[in-house]
Amino acid sequence: MARKPFIAGNWKMNMTVESGKQLIAELKPLVKEAKCDVALCVPAILIPAMVKAAKGSKIKIGAQNVHFAERGAYTGEISAEMLKDYGVKYVIIGHSERRQYFGETDDTVNKRTLTALANGLTPIVCVGETLSEREGNQTEKVLDKQLTEGLNGVEDVTKLVIAYEPVWAIGTGKTATDEQAQETIKYIRKKLGKLFGVKNANKVKIQYGGSMNAGNCKGLMAQPDIDGGLIGGASLKTDFATIVNFDK
Ligand code: PEP
């Protein structure tokens, strides 16, 4: 069965209740006919208001992180149960900004992924190499480690989404070429095949992320192994709808 495309936005630490509600109101009619799945991963404090704002539309609201413990003495953290309470379906795990600034490791990515899955959330697990790793021909080695350790113990890999985000392309305006993105995502699928079986790997949605925008989305989405996008900057404006409607 063909993999249904999935376009997700990552608002990062942007927007307020008012500006978020306004953007969602503008996006709703624009994404009405979308053939793909659509999500906006918003700051945790905006989740209740954005779930309400997106109600009755194609837009599902996701989170940008989840703690790995079910509950307890983890000041400042948010559990999977709390996210589910508000109807959250998706959660980004292991974004490179969390790896870079907040001490996220493949081990904590793994714990968060297992907890999200155990609670019925769909993790969007981010992987990707830095510029020096790419230039040093380390991309495959880095991805091998991120996938092997980050997905250790996952029973059904088809229940998660992978986002391939080359760190050098995030927020820089430098997009991987269509060929670079396809080649690397094909490699990720091959690796998933080795870890979880080819049949399962062929069912996993793999997004590209890194300066994807209204202008370059068509070429990226035309690649056979690219099933969607994780969109940062362009998800803060109505350009997001153009990406969602990449097939029009
Ligand atoms: C991201 O943060 O996941 C991302 C892809 O950002 P941008 O689209 O702004 O590069």
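The preceding data block contains the structure.
Per chain, residues are indexed from 1 in the order of the written sequence. Two thresholds apply to this predicted model, a pLDDT of at least 70 for residue-level local features and 80 or more for giving and counting side-chain atom pairs, whereas whole-chain, interface and lining totals are computed over all residues. The side-chain figures draw on all heavy atoms in the structure; neither hydrogens nor water molecules are used.

## Thoughts on the site of the ligand
Next up, step 1: Surrounding the ligand, one finds 14 residues, the nearest of these being Lys 12, His 95, Glu 165, Gly 171 and Ser 211.
Next up, step 2: Polar contact is the term for a pair of N or O atoms within 3.5 Å; when the atoms are in protein, one must be able to donate a hydrogen and the other to accept it, and sequence-neighboring residues count only if both atoms are side-chain atoms. Between the ligand and Glu 165, the relevant distance is 2.7 Å, taken from an oxygen atom to a side-chain nitrogen or oxygen of the residue.
Next up, step 3: Here Ser 211 contributes a backbone N or O atom positioned 2.7 Å from an oxygen atom of the ligand.
Next up, step 4: Each accessible area value is a Shrake-Rupley result obtained with a 1.4 Å probe; residue values ignore everything except the protein chains displayed when judging cover. In the complex, 95% of the free accessible area of the ligand, which totals 290 Å², lies under the protein chains.
Next up, step 5: Class assignment of the residues belonging to the shell around the ligand gives a composition of four nonpolar, eight polar and two charged. When at least one non-hydrogen atom of a residue lies within 4 Å of a molecule or strand, that residue is treated as near it. Each residue gets one of three labels, nonpolar for Ala, Val, Leu, Ile, Met, Phe, Trp, Tyr, Cys and Pro, charged for Asp, Glu, Lys and Arg, and polar for the others, Gly among them.

## Considerations on the nonpolar core
Next up, step 1: We call a set of buried residues a nonpolar core when its members are Ala, Val, Leu, Ile, Met, Phe, Trp, Tyr or Cys and they connect through side-chain atoms within 4.5 Å of each other. Burial classes: relative accessible area under 20% of the type maximum marks a residue as buried, over 50% as exposed, and values in between as partly exposed (1.4 Å probe, protein chains only). Core analysis: the largest hydrophobic core is formed by 63 residues, its most contacted members being Leu 151, Ile 162, Leu 192 and Tyr 208.
Next up, step 2: Secondary structure follows DSSP: runs of H or I at least 4 residues long count as helices, runs of E at least 2 residues long count as strands, and numbering of each begins at the N terminus. Among the elements that line this core, the one with the most residues is helix α8 (residues 178–196), at six residues.
Next up, step 3: Residue contacts are defined here by distance: any two heavy atoms, one from each residue, within 4.5 Å place the two residues in contact. Excluding its chain neighbours within four sequence positions, the residues that come into contact with Tyr 208 are Tyr 164, Pro 166, Ala 169, Thr 175, Ala 176, Ala 181, Ile 185, Leu 220, Ile 226, Gly 228, Gly 229 and Leu 230.

## Here's the deal with the packing of aromatic side chains
Next up, step 1: Note on aromatic pairs: the rings of Phe, Tyr and Trp (six-membered ring only in Trp) are paired at centre separations within 6.5 Å, and the planes decide the class, stacked below 30 degrees, edge-to-face beyond 60, tilted for the rest. According to the stated counting rule, one finds three aromatic pairs in the structure shown.
Next up, step 2: Summarising the aromatic geometry, the rings of Tyr 101 and Phe 102 are spaced 6.4 Å apart at their centres and angled 85 degrees between planes, so their arrangement reads as edge-to-face.
Next up, step 3: Geometrically, a lysine NZ or arginine CZ counts as sitting over a ring once it is within 6 Å of the ring centre and also within 35 degrees of the ring normal. Seen from the ring of Phe 68, Lys 111 lies directly overhead, with NZ or CZ sitting 5.1 Å from the centre.

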